[in-house]
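Each chain is listed here by its residues.
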Amino acid sequence: MEKRFVLLTAYEDLTAKETFCIKEANFDEIQKVQSKKSKLLGELGSLRDKDRLRIEEKVEFSRRVEALQKQEQENEKRLSLLMGQNRAELRSLSKHATSVSQIRKAYGSALSLDSPNRSLTDKA
């Protein structure tokens, strides 16, 4: 099999793995996959024997590249959606952290000698 098609098949496999990782929100693995894909693109780009491909092979190669481009566009959309959800969750958690911090101040003063708990306990 032509090296170009071997590299393309590996790229397709990595794109499928990338799709799965995005669906699972596995960001560490996504970065690893994208690094491998980048290396494969470099290898594909360094191939100079494109003219040796038969017309049928060129058509097949182009069809597969087009399918990959569509999949990568879908992955980009999923990733953008996931990033938006994460940002919304971060804003919500930040608001909760601020609220808890403000409420905690009231309990923090309970440790002092003039706290309401000490005053109430002494009155029992």
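Above: the structure in question.
Residues numbered from 1 in each chain as written. Predicted model: local features only at pLDDT ≥ 70, side-chain atom pairs only at ≥ 80, totals over all residues. Heavy atoms only, no water.

**Re the pattern of salt bridges**
Here is step 1 of the chain: Counted by the stated rule, this structure contains nine salt bridges.
Here is step 2 of the chain: Between Glu-57 and Arg-54 there is a salt bridge, with its nearest N and O atoms 3.6 Å apart.
Here is step 3 of the chain: When its relative accessible area of 51% is taken as the criterion, Arg-54 is described as exposed.
Here is step 4 of the chain: Notably, a salt bridge pairs Lys-70 with Glu-66, separated by 3.9 Å at the nearest N-O pair. Taken together, the residues span about one helical turn, with Lys-70 and Glu-66 both in helix α3 (residues 55-108) at a distance of four residues.
Here is step 5 of the chain: Residue classification places Lys-70 among the partly exposed positions, given a relative accessible area of 48%. (Salt bridge = Lys/Arg side-chain N within 4 Å of Asp/Glu carboxyl O. Buried < 20%, exposed > 50% of the residue type's maximum accessible area, 1.4 Å probe, protein only. Helix = DSSP H or I, 4+ residues; strand = E, 2+ residues; numbered from the N terminus.)

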